[in-house]
Amino acid sequence: MDFAKELEALNIQHAIKGEVRTKLKDNLQVLTKERLSVLASSYELPGRSKMKKQDLVDALYHHIMDVNGVRAALLIAKAKDWELINRLLKAPYVQDDTLYPGMYMFLMEKGLLYSFYKEEKMYFLIPEEIKEAYRSIPLKAFLEDRDRLQLILQYINASVNLYGICPQDKVIEIFNSQNKRQLTETELYDVYAKISSKTQTWYLKNGDVIDVYFDYDNNDEKEALLEGVKDKPYYIPDKQEFLKYAESDYFEKTPQLASLYTYISQHLCKDKLLVESLVDDIQLACSMEEPLAAIMDEFERRNIRFNKKEQLQAIVPLIIDVYNHTRIWSNRGHTPAELGLSSSQTTNNNNVIYLDQQAVSVKVGRNEPCPCGSGKKYKKCCGQ
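Rules used in this analysis
Residues numbered from 1 in each chain as written. Predicted model: local features only at pLDDT ≥ 70, side-chain atom pairs only at ≥ 80, totals over all residues. Heavy atoms only, no water. Salt bridge = Lys/Arg side-chain N within 4 Å of Asp/Glu carboxyl O. Helix = DSSP H or I, 4+ residues; strand = E, 2+ residues; numbered from the N terminus. Buried < 20%, exposed > 50% of the residue type's maximum accessible area, 1.4 Å probe, protein only. Pairing = 2+ DSSP bridges. Axes fitted to C-alpha atoms, helices over the stretch in contact; angles between N-to-C directions. Contact = heavy atoms within 4.5 Å. Expected span 1.5 Å × (residues − 1). Parallel < 35°, antiparallel > 145°, perpendicular 65-115°, else oblique. Left-handed = near helix turned anticlockwise from the far one by under 90°. Nonpolar A, V, L, I, M, F, W, Y, C, P; charged D, E, K, R; others polar. Phe/Tyr/Trp six-rings, centres within 6.5 Å; stacked < 30°, edge-to-face > 60°. Lys NZ or Arg CZ within 6 Å of the ring centre and 35° of its normal.

(A) Molecular detail of the pattern of salt bridges. Counted according to the given criterion, the structure contains 19 salt bridges. Asp145 is paired through a salt bridge with Arg71; the nearest N and O atoms lie 2.7 Å apart. Residue Asp145 is found in helix H9 (residues 139-163), and its partner Arg71 is found in helix H5 (residues 67-76); the two are separated by 74 residues along the sequence. Taking the relative accessible area as the measure of exposure, Asp145 reaches 38% and is therefore partly exposed. One connected set of salt bridges, linked through shared partners, spans Asp281, Glu298, Arg301 and Arg302.

(B) Molecular detail of unusual backbone geometry. Its identity as a non-glycine residue notwithstanding, Glu44 has a phi of 50 degrees, on the positive side. Inspection of the secondary structure puts Glu44 in the loop between helix H3 (33-42) and helix H4 (53-64). Judged by relative accessible area, Glu44 falls into the exposed class, the value being 62%. The backbone of Glu119 shows a phi angle near 50 degrees, a positive value even though the residue is not glycine. Mapped onto the fold, Glu119 is located in the loop between strand S3 (114-118) and strand S4 (121-125).

(C) Representation of the sheet that holds strand S6 (residues 202-205). Pairing within the open sheet is antiparallel, and its 3 strands lie in the order S5-S7-S6. Strands at the two margins of the open sheet, each flanked by one partner only, are strand S5 (165-167) and S6. The sheet shows a mean angle of 20 degrees between the axes of neighbouring strands, direction not considered. Where S6 meets strand S7 (residues 208-211), 4 bridges bridge the pair, whose relative direction is antiparallel. Across the sheet, residue Lys205 finds its bridge partner in S7, namely Asp208.

(D) Just helix H10 (residues 168-178), in detail. H10 sits mainly inside the fold: 8 of its 11 residues count as buried. Those residues of H10 not exposed but buried are Gln168, Lys170, Val171, Ile172, Ile174, Phe175, Asn176 and Gln178. The inward-facing, buried residues of H10 contact H9, S5, helix H11 (185-194), S6, S7 and helix H13 (239-244).

(E) Structural detail: H9. Here H9 is 25 residues long and its end C-alpha atoms lie 36 Å apart, about the 36 Å a rise of 1.5 Å per residue gives. Positive phi shows up at Gly164, right after H9, with a value of about 80 degrees.

(F) Just the packing of H5 against H9, in detail. Running from N to C, H5 and H9 cross one another at 40 degrees; their axes reach a closest spacing of 9 Å. Judged by the inter-axis angle, H5 sits oblique to H9. For the pair H5 and H9, the sense of crossing is right-handed. Side by side, H5 and H9 meet where Arg71, Leu74, Leu75 and Ile76 of the first sit next to Ala141, Phe142, Asp145, Arg146, Leu149 and Gln150 of the second. For the contact of H5 with H9, the per-class residue count stands at 6 nonpolar, 1 polar and 3 charged.

(G) Focus on the packing of aromatic side chains. In total, this model carries 13 aromatic pairs according to the counting rule given. Pairing Tyr213 with Phe214 gives two aromatic rings, centres 5.0 Å apart and planes at 85 degrees, and the pair type is edge-to-face. What makes Tyr213 partly exposed here is its relative accessible area of 32%. A centroid spacing of 5.5 Å and a plane angle of 40 degrees characterise the contact between Phe214 and Trp329, whose relative ring orientation is tilted. Linking Phe214 in the loop between S7 and helix H12 (219-229) with Trp329 in the loop between helix H17 (309-324) and helix H18 (336-339), this pair joins segments that are 115 residues apart in sequence. As far as the burial class goes, Phe214 and Trp329 line up, both buried. Through a chain of ring-to-ring contacts, the aromatic side chains of Trp82, Tyr134 and Phe142 assemble into a single cluster. Here the basic side chain of Lys25 rests over the ring of Tyr61, its NZ or CZ set 4.8 Å away from the ring centre. Here the guanidinium or amino end of Lys110 rests over the ring plane of Tyr43, the centre of that ring lying 5.3 Å away.

(H) Representation of the packing of helix H14 (residues 255-267) against H17. At a minimum axis distance of 8 Å, the contact between H14 and H17 shows a crossing angle of 160 degrees. For the element pair H14 / H17, the angle class is roughly antiparallel. The two elements H14 and H17 meet at a crossing, and its hand is left-handed. Between H14, through Gln256, Leu257, Ser259, Leu260, Tyr263, Ile264 and His267, and H17, the contact on the second element is made entirely by Glu310, Gln311, Ala314, Ile315, Leu318, Ile319, Asp321 and Val322. Here the contact of H14 with H17 is built from residues that sort into 9 nonpolar, 4 polar and 2 charged.

Here is the structure:
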């Protein structure tokens, strides 16, 4: 199934089938009891497990319409959510087949947004009662509060994406060094409380903001990272650059990545989209400090082969160069080149940095496993 078909199936799964209804009560009436129970759970309705369907409808109707609840939900909506909200506030409904659940599920789970599938088209709307509740909110104060909360969240997300783990005091310090209106610990905790109902890519524990990568199964890795970075400085660019890291998929488009892309597209693969995907994944692997053997698997996964030994000899230094100019958690956001360190904390006499090559080397023995990941000996594969 291609992406468009998967998107359509997911949207249909969450949609009400049939006529578009713009009233909240009408929409609640046609939801299944299972959907109503999920909504009731998100609002923590007391006694919800014993309620009949109509009781759930009546109770949810009053909870969802609560102005303070509407304000709280819209306050923490992400930028993409907010763009959709503004579209829906201006029209009875919007017909759009390009939306995907990640753009609206939070609002749907709060009962603030409904989707419909009619005649093979998707429709989205915010019920009229919710629009009325929003219009009753003092707009200027709300938008100021929303901008403030979103800015604080951007700093937290950027800190987590750059460092993996960051003391909350450091987040506050960075924020206050780049903004006139100062952030306090109390305000940071207040923001954390407000977003607790929305899934985040980080959590707050023992005074640290921590990437969800370090869940309970990764405690050893978390402790190892904290130990490894304790004497290293933080990479802190200016505000404009720092906040770019609030987006989890942002990375610097370095000259080293450009050189790698150029070589691959000229010598190994002419499919531009495939090469872009490969280079992006190599950058990600470098940021996660994957061994070179794992990075080489990205070529194999895309069926990109090394037909000459010279190609392998050319590509490995390019990848090492990309790694050395990639920002990594174990350097507190610095690149290995900036600190003059390798992943194993070693350098040569010329301060040239080397990625741990493990099973891969520029000089591959003819009887060694081929670095392309085929499982064959080098002399039977790329070394022919």
